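Architecture at a glance
The primary structure of each chain is shown beneath.
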Amino acid sequence: GNKIFTECYYEPFDKDKLHRMYSVTKSFVGVAVGLAAEKGFLSLDDKFMKYFKEYRNENVNELYDEMTIRDALKMQTCRGKYDRVWFFNTGCADRCEVFFRTKASRIPGTVFMYDSCLAFMLGVIVEKVTGMPFLEFLRKNILDHIGFSKEAYCLKCPGGHSFGDSGLLCTS
């Protein structure tokens, strides 16, 4: 029924401690993208660059132009390598700009490559089309209805967007 069968916590955690979910945050972003598509804010077949025209540079070629939101969700990017500088101080005021420092070299939708950056960028798309942080969008539409942690929040990145690849903090 609605009863907890068993529950335990291990130091340093307890039932009220917020802790960083790291890559679990990507799953929340994926749900937010799906919900945004269901509500008509975007299509999974939209071209990724439709949402990032202001970031065009010498690395953004026809391969970036062909990548879709669906490709990004499947981590089948056009980017040929994972940019490790992503997690470090880049000296950049906008984390989105860092994404486009990597040259495109693969046909999108063909090769899986774990790319944390894509989850962040998908979260940015949700924030652009809904006009609110992805977690707030999820709260309004799903999370508050299922009793999700009221104290939960997501860290913000340079540029002001939610840290959609690893920044969610919530209770268990």
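You'll find the structure just up there.
Residues numbered from 1 in each chain as written. Predicted model: local features only at pLDDT ≥ 70, side-chain atom pairs only at ≥ 80, totals over all residues. Heavy atoms only, no water.

1. Overview of the packing of helix H1 (residues 24–38) against helix H6 (residues 134–141)
If you want to describe how two helices pack, look at the angle between their axes and the distance between the axes. For the record, the criterion: Structural elements are reduced to axes, namely lines fitted to C-alpha atoms, with helices fitted over the stretch in contact, and the angle between N-to-C directions of any two is expressed from 0 to 180 degrees. Strands are runs of DSSP state E lasting at least two residues, helices are runs of H or I lasting at least four, and both sets are numbered from the N terminus onward. The crossing is said to be left-handed when, going from far helix to near helix, the turn is anticlockwise and less than a right angle, and right-handed when the turn is clockwise. Residues count as neighbours in contact if any of their non-hydrogen atoms are within 4.5 Å of one another. Residues are grouped as follows: Ala, Val, Leu, Ile, Met, Phe, Trp, Tyr, Cys and Pro are nonpolar; Asp, Glu, Lys and Arg are charged; every other residue, Gly included, is polar.
One can describe the packing of H1 onto H6 by two numbers: an axis separation of 10 Å at closest approach and a directional angle of 65°. For the pair H1 and H6, the sense of crossing is left-handed. Where H1 abuts H6, its residues Thr25, Phe28, Val29, Val31, Ala32, Leu35 and Ala36 lie against Phe134, Phe137, Leu138 and Asn141. In terms of residue class, the contact of H1 with H6 is made up of 9 nonpolar, 2 polar and no charged.

2. Some points on the pattern of salt bridges
Under the convention used in this document: Salt-bridge detection follows one rule: a side-chain nitrogen of Lys or Arg within 4 Å of a carboxyl oxygen of Asp or Glu. Buried residues are those whose accessible area, probed at 1.4 Å on protein chains only, stays under 20% of the maximum for their type, while exposed residues exceed 50% and partly exposed ones sit between those limits.
Under the defined criterion, the tally for this structure stands at 10 salt bridges. Across the pair Asp46 and Lys50 runs a salt bridge, and its minimum N-O distance is 3.7 Å. Using a relative accessible area of 14% as the deciding quantity, one classes Asp46 as buried. Lys50 gets classed as partly exposed once you look at its relative accessible area, which sits at 46%. Between Arg79 and Asp115 there is a salt bridge, with its nearest N and O atoms 3.0 Å apart. Separated by 36 residues along the polypeptide, Arg79 in the loop between helix H3 (69–73) and helix H4 (95–99) and Asp115 in the loop between H4 and helix H5 (116–130) bring together distant segments of the chain. Like Asp115, Arg79 is buried. Three or more residues are tied together by salt bridges with common partners; here these are Arg139, Asp144 and Lys150.

3. Here's the deal with the sheet that holds strand S2 (residues 153–154)
Here is the rule: The rule for pairing is simple: two strands pair if DSSP sees at least two bridges between them.
Ordered in space as S1-S3-S2, the 3 strands form an open sheet in which the pairing is antiparallel. For this open sheet the edge positions go to strand S1 (19–20) and S2, each flanked by a neighbour on one side alone. By the bridge criterion, 2 bridges tie S1 to strand S3 (residues 168–170) in an arrangement that is antiparallel. Bridged to Arg20 within S3 is Leu169.

4. Things to note about the nonpolar core
This is how it is decided: Put simply, buried Ala, Val, Leu, Ile, Met, Phe, Trp, Tyr and Cys residues joined by side-chain atoms within 4.5 Å make one nonpolar core.
In this structure, Phe48, Phe52, Tyr64, Phe100 and Phe134 are the most contacted members of the largest nonpolar core, which totals 46 residues. The dominant element in this core, judged by the number of residues it contributes, is H5, at 8 residues.

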